[in-house]
Amino acid sequence: MNKKYDLISIYIFLFFAVAYFFASFLSNGYYQHDEVGHLINARRFWNDPFCIFSAWAKPGLKFILILPSLFGNTAILVICCFITAGIGLLTNKLVHLLDIGNRYIAQIICSTLVLTVQLSFRAYSETFAAFVIILTIYLYYKERYLLAAFFSSYLYLIRPESAVITMVLGVLLLSKKKYIPFLLLGWSPIFYALMLWIKTGDPLFIFQEVANNSENIKFRQVGFFHYWKFFPAIAGTVSAIIFFIGFFQLSYSKKEIIPNIKKLHLPYLWFTIIFVFYCLSVSEWFPWLNQLANSRALVILTPFIGLFGAFGLANFKNLQLSNKIVIGAVLAIYTYLTHEYLSFKYNDIVFTDPDPARYQAAILLLLLFLIPLFKKDKAVIFSWAVLTLMVVDNIRAIEPYKLSDEDKTMKKVVSWYHRNNLTNRKTLTNHALFFHFSDEYPNSNVIQTDSLGQYPQLLMRFLKKAEPGSIIIWESHYNDREIYKMDVKLSYLMDRPNQYKVLSTFISPSDQYKFKVVNFEKIANEDPNYEKALALFNEKKYQEAERLFLAAYSNQPQNYGAILHRGLCLLNMNNVNEAFNLFNAAISLNPDYEAALFSRGQLLLQYGKIEEASKDLTQVVALNNKNIQALFYLGNIELSLKKYNSAIYYYAEVLKLNNNIPDAYYGVANAQLQLGQKANACSNFQKALDLGHAKAAEQIKINCK
C-alpha cells in the first residue's frame, strides 16, 4: 500500500515538474534580472572558479547549476523545475512521516503557490533554499542527524541569513546530546571563509564582506508589516488562509498543545524565525539588517505553507463548534482588514490595479467553512473543496512575465552590437541582459569571457584604464541609480566628447519608466588640460576655466562639452548673449545633449520666453524623465499657463522622485485650489509648510479656514 502511495506522490511530482517546464515557454520575461545574472555566473565558473564565491553569487546554488550550465540555459531550467517540484514531494513525505494530514494536499499546496510557480523554472536561491529546508527537517525527524546537520549548514551557502535557524537546530542537537552533528553545523562557514581567503589572500575577508553588505547598499525601509500585508498575494488568497488555520491550530485545543509542539516544534520554530527575520530586515527598527523588500524572499516559506495547510484542514473536523465559529469570525475580520491587498493585482513586487476577484475568492472560502461547521462527515468534502478553490484562485492569479520595454531595448542594443562586429572590442557594461542576449548569437564568447578582461564592469577605475577603441554601454537602470554605487554618470561621458564619441542611443517607449542606453567609443585618453578646466569650473573659478574651454574647442571644434561649459562660465560672468549662442552651438553639434538643452531652457525661462523654454525642457524630460529640475520648471510653466491638471502631473513626477521638496507641494496645492479641490490643496499646503515653505502659512490662513 505504501509503495502505491509513493508512486502517486512521484506522479504528482513529475506532473508539476513538467508543468513548470512548459509554463516557461509562456513566460519569456524576467521576474528580476538577478536570474539572468545567476545563469551568467554559473557559466563563468568554468573560466573563473572563484567567481561564485560572494554574498550575491550564492555558491550553494551554483554548485547545483555549474554542471548543467555546460549544456545551456535550458538544462538549468530543467533542474530548477525538478527542484521546485521536489519541495512538494519532500513536504508530502514529511506530512506522511509525522501523520499530521493528507500528504497529497500538502504536496499540491506547495506546488501551486502563486509566486512559487512564477519562479519555479528560474534560477533563484530562495527556491533551492526552500528545498534544502524541507529536506533538513525531514532528515531531522528521520533521526538522520548527521545529514540534517550537513544540509542545515549548507543553507548558509545559499542564503547566509539562514545561519539563524541553523543555530536553533544546534540547540536541539545539543539537547539530544548529538555532539558530532552539532560540530558539523559549522562546516559551510569555515569552507566559505577558506574559499574567500584563497580568492582574496585575506584570511579575514569574510568579515569584511559582511560589513560591506550592510554598508554599501542601503535599501528603502518599508516597515515591519510589509510582508504581513504581502503574504496573501505571494502565497495566494486561499492558500494563506489555509496556512493560518493550521499554524494557529495550537491555540484551539488545550489538550493538543503539548503533543503538537512535540511533533511540530522544528517547523514552528523555523517558520517563525525566518518570517520575523525578514520582517525585521525591512523595518526601520534594525537598519543594519537592511535587505531589499523583495517578495521572492518568502518563497523560502513554501514547504511550511504546505505542511501547516494540510495540518489545518485535517484537524479542522475535530474542533469544537465554538472553535470553528471563532475561526470563521477571525478569518472574516482578517479578510476585511486585508481587503485592500487581497483585492489588488500586483507584479510580485508592488500592488498595482484593483482585482475584485481575489477578494471574492476569500469571501467564497469563508462560505465554504459553513460545510463542516455542524457535520463532521463533511470534512473530506470541505478539504477538497477548499483545495480546489485554492488551485483555481492561484492559477487565475498567475500571469506570465513578458519582456519589459527595458528588456526589448537591451535586445536591440545587443543586435546593434553584434551587427557592427564589436565583439572583439573591450566593452564596459553593467547590464546582465547584454550578456544573456549575446548568447543567442552564433559563436558568441561573451558569457565565457572573464568579467575583468574583455568585459569589465562600467566603473570609473576600469573606464580610465580602458584603451582607446573600447566600447562603453551606459544604461539608466544600473548606472543611474545611487543604490547600486555605480560611479560613471552619463554627464561624465557626455561632457567629454573629446574622449568619448556617441555611437548610438536607444530609449524605451514606456512613459512611466524611460529606460535609456547610450553607446560610446573611447576615442582618446584623458586630456589633463580639459580635466583641469572642468575642475576649475566645479570650483567656480569661471574666468580661468573659460580660457581653457576656449582653447579646448579651438583645437577640437566638435567638442560640444567644452562649448557648453564655456557658455556656462560666460553666463556666470553675466555675458548672457554669448552664453546663449554657445548653448545653441553645443545643441547643433549634439541635439540630444541634455545638459545643453536644460541650460538653454532654463535661460529662456528666466527671460520669459515660456514657449521656447517649454520645448527645450520637454525634450530634456523625454531624454531623462528623472530630471527633477526640468520637471519642476515644466510644472511652473503649466501653472502659469493655467493648465492645472498638467501642472499637477509634473509636480507629482517631481515628488515621486523626491517627496521632500516644499515648492512642489506648494505648486500642486495652487493648481488644486484653482480646480476647486480645496481639501487636497490644504493638505499639500500643510506639507509644504511642514517642509519650511515661507508662503504656505499665509495660503492656509486664507484658503483653509
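The paragraphs below set out a description of the structure included in this document. (Residues numbered from 1 in each chain as written. Predicted model: local features only at pLDDT ≥ 70, side-chain atom pairs only at ≥ 80, totals over all residues. Heavy atoms only, no water.)

Bringing the overall build of the protein into the picture now. Scanning the protein from terminus to terminus reveals 35 helices and 6 strands. In the protein, which comprises 705 residues, the share counted as buried stands at 54%. Excluding contacts between residues fewer than 6 apart, the proportion of contacts in the protein whose partners are at least 24 apart in sequence is 68%. Just so you have it, the protein exposes about 32400 Å², and 60% of that area is on carbon and sulfur atoms. (Helix = DSSP H or I, 4+ residues; strand = E, 2+ residues; numbered from the N terminus. Buried < 20%, exposed > 50% of the residue type's maximum accessible area, 1.4 Å probe, protein only. Contact = heavy atoms within 4.5 Å. Areas by Shrake-Rupley, 256 points an atom, 1.4 Å probe, with all protein chains shown as cover.)

Let us now look at the pattern of salt bridges. Taken as a whole and assessed by the stated rule, the structure comprises 14 salt bridges. In this structure, Arg-600 engages Asp-616 in a salt bridge whose closest nitrogen and oxygen atoms are separated by 2.7 Å. Here Asp-616 lies in helix H30 (residues 610–623) and Arg-600 lies in helix H29 (residues 594–606), a separation of 16 residues in the sequence. Pair check on accessibility: Arg-600 and Asp-616 agree, each one buried. Several salt bridges share partner residues, and in doing so they unite Asp-34, Glu-126, Arg-159, Glu-161 and Arg-296 into one network. (Salt bridge = Lys/Arg side-chain N within 4 Å of Asp/Glu carboxyl O.)

Per the stated rule, a full pass over the model turns up 1 disulfide. One disulfide bridge connects Cys-682 with Cys-704, the sulfur atoms lying 2.0 Å from each other. Between Cys-682 and Cys-704 the disulfide shows an S-S torsion of about -100 degrees. By sign, it is left-handed. On the criterion of sequence distance, the pair formed by Cys-682 in helix H34 (residues 678–690) and Cys-704 in the segment after helix H35 (696–703) is long-range, its members being 22 residues apart. In this structure Cys-682 comes out as buried when scored by relative accessible area, which is 17%. The cysteine Cys-80 is free of any disulfide, with Cys-81 supplying the nearest cysteine sulfur at 7.1 Å. Under the relative-accessibility criterion, Cys-80 is labelled buried at 5%. (Disulfide = S-S within 2.5 Å.)

Turning to its location among the elements, Ser-152 is positioned in helix H8 (residues 145–158). Exposure remark for Ser-152: the relative accessible area of 0% places this residue in the buried category.

Turning to the side chain of Arg-103, a few remarks are in order. As for its position among the elements, Arg-103 is in helix H5 (residues 103–112). In this structure Arg-103 comes out as buried when scored by relative accessible area, which is 8%. At 3.1 Å, the side chain of Arg-103 forms a polar contact with the side chain of Asp-6. (Polar contact = N/O pair within 3.5 Å; in protein donor to acceptor, adjacent residues only side chain to side chain.)

Of all hydrophobic cores here, the largest spans 100 residues; its most connected members are Ile-133, Phe-231, Trp-270, Leu-301, Phe-304 and Phe-308. Residue contacts for Leu-301: discarding those within four places in its chain leaves Phe-231, Phe-271, Ile-274 and Phe-275. (Core = buried A, V, L, I, M, F, W, Y, C linked by side-chain atoms within 4.5 Å.)

On the surface, Leu-7, Ile-10, Tyr-11, Leu-14 and Phe-82 cluster together into a nonpolar patch covering about 450 Å² of accessible area. Structurally, Leu-7 can be placed in helix H1 (residues 2–23). Judged by its relative accessible area of 42%, Leu-7 falls in the partly exposed class. (Patch = residues over 30% accessible without salt bridge, like charges linked within 9 Å, V, L, I, M, F, W, Y side chains within 5 Å.)

Strand E4 (residues 471–475) sits mainly inside the fold: 5 of its 5 residues count as buried. Relative to E4, strand E3 (residues 427–428) runs parallel, the two being bridged by 2 bridges. Among the inter-strand pairings, Leu-428 is bridged to a residue of E4, identified as Ile-472. (Pairing = 2+ DSSP bridges.)

For residues besides glycine, phi is generally negative; the peptide bonds are generally trans as well. The phi dihedral of Lys-58 is positive, around 55 degrees, even though this residue is not glycine. One can find Lys-58 in the loop between helix H2 (34–44) and helix H3 (59–69). The backbone phi angle of Lys-540 is positive, close to 65 degrees, even though this residue is not glycine. With respect to the element layout, Lys-540 can be found in the loop between helix H25 (528–538) and helix H26 (542–555). Exposure remark for Lys-540: the relative accessible area of 61% places this residue in the exposed category.

Geometry only, nothing functional implied.
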